[in-house]
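Understanding the architecture of this molecule
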Amino acid sequence: MQKISPEWGSGGSPIDLAVDAFQAYLGQHGRTLEEVTAAGAPAVRVVVRSPQRAARPAVFGLRELMEQRVRRAAALRADAERRLRDARQLLRAAVAEASAAGISQSALAGLSGWSRETLRRLERDG
């Protein structure tokens, strides 16, 4: 069994510390996930000692690490989609205000670097 134990960090949840330690382990030792999970490779366990769990360390296997990585990626994607939606709304509002102020689409296209068709779609979809 290959034990990995983070030597840093008391912030964050134990599973997040374990994922970070595993990523650091792969990077520091030049190993790939395929090598670590290959047939015959020792099982991976990440042991996290934290102030919250002083009596017993938290131990995570590869499955828990991969599940947490997926949860993290899904959360990052949801956040990126929300920020993109917000940015589109701000852009639509700015284009609508500029149009209402009498700025032509060709002038807006020149300022923004977008085509007039893109600006028309923004106004139409908004």
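Going along each chain's sequence as written, the residues are numbered from 1 onward. Thresholds applied to this predicted model are a pLDDT of at least 70 for local features of residues and 80 or more for the giving and counting of side-chain atom pairs; totals over whole chains, interfaces and linings are not thresholded and use all residues. Only hydrogens and water are set aside when side-chain values are computed; all heavy atoms of the structure are taken into account.

**Focus on the pattern of salt bridges**
When a carboxyl oxygen of Asp or Glu lies within 4 Å of a side-chain nitrogen of Lys or Arg, that pair is called a salt bridge. Inspection of the entire model under this criterion finds 9 salt bridges. With a shortest N-O distance of 3.2 Å, D86 and R82 are connected by a salt bridge. In this pair, D86 and R82 are both assigned in helix α3 (residues 62–100), 4 residues apart and thus about one turn of the helix distant. Here a helix means four or more residues in a row that DSSP labels H or I, a strand means two or more in a row labelled E, and each is numbered from the N terminus.

**Examining the confidence of the model for the protein chain**
The quantity called pLDDT is the predictor's confidence in a given residue, expressed from 0 to 100. When pLDDT is averaged across the protein chain, the result is 85; 87% of the residues are at 70 or more. Between the elements of the protein chain, mean pLDDT differs from a low of 62, seen in strand β1 (residues 2–4), to a high of 92, seen in α3.

**Observations regarding the nonpolar core**
Within the largest apolar cluster, 15 residues are counted, with the highest numbers of intra-cluster contacts made by A18, F22, V46, V48, F60 and L65. Elements supplying a minimum of two residues to this core: α1 (14–29), β2 (44–48) and β3 (58–61). No other element matches α1, which puts 8 residues into this core. Residues belong to one nonpolar core when they are buried, are Ala, Val, Leu, Ile, Met, Phe, Trp, Tyr or Cys, and are joined through side-chain atoms within 4.5 Å. Categorising residues by exposure relies on relative accessible area from a 1.4 Å probe, with only protein chains included: less than 20% of the type maximum marks a residue as buried, more than 50% marks it as exposed, and the intermediate range marks it as partly exposed. Core analysis: the second largest hydrophobic core is formed by 6 residues, V95, A109, L119 and L122 among them.

**Brief notes about the environment of R31**
Tracing the sequence through the fold places R31 in the loop between α1 and α2 (33–37). Contacts are assigned to residue pairs that have any heavy atoms within 4.5 Å of one another. Contact partners of R31, with chain neighbours within four places excluded, come to Y25, L26 and V36.

**Considerations on the side chain of Q68**
Tracing the chain through its elements places Q68 in helix α3. Residue Q68 is classed as buried on the basis of its relative accessible area of 11%. In the analysis that follows, any N or O atom pair within 3.5 Å is treated as a polar contact, provided that within protein one partner can donate a hydrogen and the other can accept it, and provided that, for residues neighboring in sequence, both atoms belong to side chains. In terms of polar contacts, Q68 uses its side chain to reach the side chain of D16, at 2.7 Å. Ignoring sequence-local partners within four residues, the contact set of Q68 consists of I15, D16 and V19.

**Comments concerning the packing of α3 against helix α5 (residues 116–125)**
Angular values range over 0 to 180 degrees, each being the angle between N-to-C directions of two axes fitted as lines to C-alpha atoms, with helices fitted over their stretch in contact. Interaxial distance between α3 and α5 falls to 9 Å at its minimum, and their mutual angle equals 100°. Compared by their axis directions, α3 and α5 come out roughly perpendicular. Between α3, through L91, R92, V95 and S99, and α5, the contact on the second element is made entirely by L119, L122, E123 and D125. Residues of the contact of α3 with α5, tallied by class, amount to 4 nonpolar, 1 polar and 3 charged. An angle below 35 degrees is treated as roughly parallel, one above 145 as roughly antiparallel, one from 65 to 115 as roughly perpendicular, and anything else as oblique. Ten residue types, Ala, Val, Leu, Ile, Met, Phe, Trp, Tyr, Cys and Pro, are classed as nonpolar, four, Asp, Glu, Lys and Arg, as charged, and the remainder, Gly among them, as polar.

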